[in-house]
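Coordinate inspection notes
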Amino acid sequence: MMKYLFTYLFIGLFTTAQAKGITAESWVVTNEVGNVVAGQNVSDVRPIASITKLITAMTILNGGQSLDEPVKATGFGMISRRQLIDMAIVKSNNQAADQLCKLYVGGYGMCIADMNHLLFKLNLLNTIVYDSTGLDRRNVSTAMELTRLVQEAAKYPELVNASHQTQIKIKTKRRFWVFHNTNPLIGKRQDIIISKTGFTNPAGGCLAMLMSTDKGQRSVVVLGSRNTHTRIPEAEFLAENY
């Protein structure tokens, strides 16, 4: 009886999402213990675009290199790893993510290997990466596995702090940069713990968030949304309704 009741409720939630016009090919909302509250194609393997940068940043932080040591980064001059991480998470800057791996102990190849090793340790067996930025369409995962990724990312204070920044300002000898967060919900909502956007033509609009809502903690992932303009309202709708 309970099984049929759950199925009925799930269908009702899915119908609500359809009525809203969710364009994402794959999406899911999970609760604080990882159970699915609502979703569609939650196990489909899809490109994840710049959500990759969460994995990059986690790997760099695990590597134990000094975050505040000035390093020479192509295109930026002397800059710290902490600033590169902030740029990768807040602005989703591809060059920053690329430089983080190039400056990794053992070089770029070792960075990618350790990123995949991290995914293996987290038992994200459908998730694999080939580059640090997400521009490679072979960087794939599932909506369900990404909910676990954002829960793990929330254990890193540096990533939580970066996710809360509406903008970052970085000054070097060459110039002064101001980077705005690619998620416009940051600053407007106070319940977002971790957030990472993504977009490429193969991946469509992507967004992975961990939120603390009045219904409890929610992980919200949308993959394959129509574009960069649809991913945000779709994820917000899912967070508010489930």
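Provided above is the structure to which this section pertains.
So, here is what we can say about the structure in this document. (Residues numbered from 1 in each chain as written. Predicted model: local features only at pLDDT ≥ 70, side-chain atom pairs only at ≥ 80, totals over all residues. Heavy atoms only, no water.)

1. A look at the overall build of the protein
Short version of the rule: What counts as a helix is a DSSP run of H or I of at least four residues, what counts as a strand is a run of E of at least two, and both are numbered from the N terminus. The size measure is the radius of gyration over C-alpha atoms, and the globule rule it meets is 2.2 Å times the number of residues to the 0.38 power. Using a 1.4 Å probe on the protein chains alone, a residue whose accessible area is under 20% of its type maximum counts as buried, one over 50% counts as exposed, and one in between counts as partly exposed. Pairs of residues are marked as contacts when any of their non-hydrogen atoms sit within 4.5 Å. Working definition of accessibility: Shrake-Rupley area with a 1.4 Å probe, residue cover restricted to the visible protein chains. In this count, Lys and Arg are taken as positive residues and Asp and Glu as negative ones, while His and the chain termini are left out. A charge is said to be at NZ when it belongs to Lys, at CZ for Arg, at CG for Asp and at CD for Glu.
Helix and strand content of the protein: eight helices and eleven strands. The C-alpha atoms of the protein give a radius of gyration of 18 Å, which matches the 18 Å a tight globule of 242 residues would have. Along the first, second and third principal axes, the C-alpha atoms of the protein reach 65 × 35 × 30 Å. Counting over 242 residues, the protein shows a buried share of 54%. Relative to all contacts within the protein whose residues are 6 or more apart in sequence, the contacts with residues 24 or more apart total 60%. Carbon and sulfur atoms make up 53% of the accessible area of the protein, which amounts to about 11,200 Å² in all. For the protein, the distance from the average site of its 26 positive side-chain charges to the average site of its 18 negative ones is 6 Å.

2. So, the sheet that holds strand S9 (residues 192-200)
For the record, the criterion: When DSSP finds two or more bridges between two strands, those strands count as paired. Fitting a line to C-alpha atoms yields each axis, with helices limited to the stretch in contact; the angle taken between N-to-C directions then spans 0 to 180 degrees.
Pairing is antiparallel across the open sheet formed by five strands, whose spatial order is S2-S1-S11-S10-S9. The open sheet terminates on both sides in strands that have one partner only, identified here as strand S2 (36-40) and S9. The average angle at which neighbouring strand axes cross in this sheet is 5°, direction not considered. Taken strand by strand, helix H8 (residues 231-241) contacts strand S1 (26-30), S9, strand S10 (204-213) and strand S11 (216-225), and its axis lies near 145° from that of S11.

3. Brief notes about the pattern of salt bridges
Test applied: Salt-bridge detection follows one rule: a side-chain nitrogen of Lys or Arg within 4 Å of a carboxyl oxygen of Asp or Glu.
Tallied over the entire structure, the rule returns ten salt bridges. The salt bridge partner of Glu69 is Arg81, with a shortest N-O separation of 3.2 Å. Linking Glu69 in the loop between helix H2 (52-63) and strand S4 (70-73) with Arg81 in helix H3 (residues 81-91), this pair joins segments that are twelve residues apart in sequence. Note on Glu69: relative accessible area 38%, which makes it partly exposed. Residue classification places Arg81 among the buried residues on the basis of a relative accessible area of 7%. Between Arg189 and Asp191 there is a salt bridge; the shortest N-O distance is 2.7 Å. For Asp191, a relative accessible area of 14% gives the class buried. One continuous salt-bridge network, built from bridges that share partners, spans Arg189, Asp191, Glu236 and Glu240.

4. Concerning the nonpolar core
Operational definition: Only buried Ala, Val, Leu, Ile, Met, Phe, Trp, Tyr and Cys residues count toward a nonpolar core, and they belong to the same one when joined by side-chain atoms within 4.5 Å.
Leu84, Ile85, Met87, Leu159 and Ile194 are the most contacted members of the largest nonpolar core, which has 55 residues in total. Excluding residues that lie within four positions of it along the chain, Met87 makes contacts with Phe76, Ile79, Ser92, Asn93, Ala96, Ile168, Ile170 and Phe179. With 20 residues, the next largest nonpolar core counts Ile22, Val37, Leu185 and Leu238 among its residues.

5. Some words on the packing of helix H4 (residues 94-102) against helix H5 (residues 107-121)
Formally: Roughly parallel covers angles under 35 degrees, roughly antiparallel covers those over 145, roughly perpendicular covers 65 to 115, and oblique covers all other angles. When residues are sorted by character, Ala, Val, Leu, Ile, Met, Phe, Trp, Tyr, Cys and Pro go into the nonpolar class, Asp, Glu, Lys and Arg into the charged class, and all the rest, Gly among them, into the polar class.
The contact between H4 and H5 brings their axes to 7 Å, and the two run at 100°. With respect to their mutual orientation, H4 and H5 come out roughly perpendicular. Where H4 abuts H5, its residues Asp98, Cys101 and Lys102 lie against Gly107, Tyr108, Cys111, Ile112 and Met115. Looking at the contact of H4 with H5 residue by residue, the class counts come to five nonpolar, one polar and two charged.

6. Some words on the state of the cysteines
A covalent bond between the sulfur atoms of two cysteines is what we call a disulfide. Basically, it comes down to this: Throughout, disulfides are identified as pairs of cysteine sulfur atoms within 2.5 Å of each other.
Counted by the stated rule, this structure contains one disulfide. Two residues, Cys101 and Cys111, share a disulfide whose sulfurs are 2.0 Å apart. Across the disulfide from Cys101 to Cys111, rotation about the S-S bond amounts to roughly -55°, and the bridge is consequently left-handed. Taken together, the positions of Cys101 in helix H4 and Cys111 in helix H5 put the pair ten residues apart, joining distant regions of the chain. Since its relative accessible area comes to 0%, Cys101 is described here as buried. Its sulfur unpaired, Cys206 is 19 Å from the next cysteine sulfur, which belongs to Cys101. Since its relative accessible area comes to 0%, Cys206 is described here as buried.

7. Thoughts on H2
We count it as follows: Helix span, as expected, comes to 1.5 Å for every residue beyond the first.
Taking 1.5 Å per residue as the helical rise, H2 with its twelve residues ought to reach 16 Å, and the 17 Å between its terminal C-alpha atoms agrees with that figure. For H2, a buried count of ten out of twelve residues is recorded, marking the element as mostly surrounded by other parts of the structure. Looking at H2, one finds that the buried residues are Thr52, Lys53, Leu54, Ile55, Thr56, Ala57, Met58, Thr59, Ile60 and Leu61. Of the surrounding elements, those touching the buried residues of H2 are H3, H4, H5, helix H6 (143-153), helix H7 (157-163) and S9. Of the residues trailing H2, Gly64 is marked for its positive phi of about 80°.

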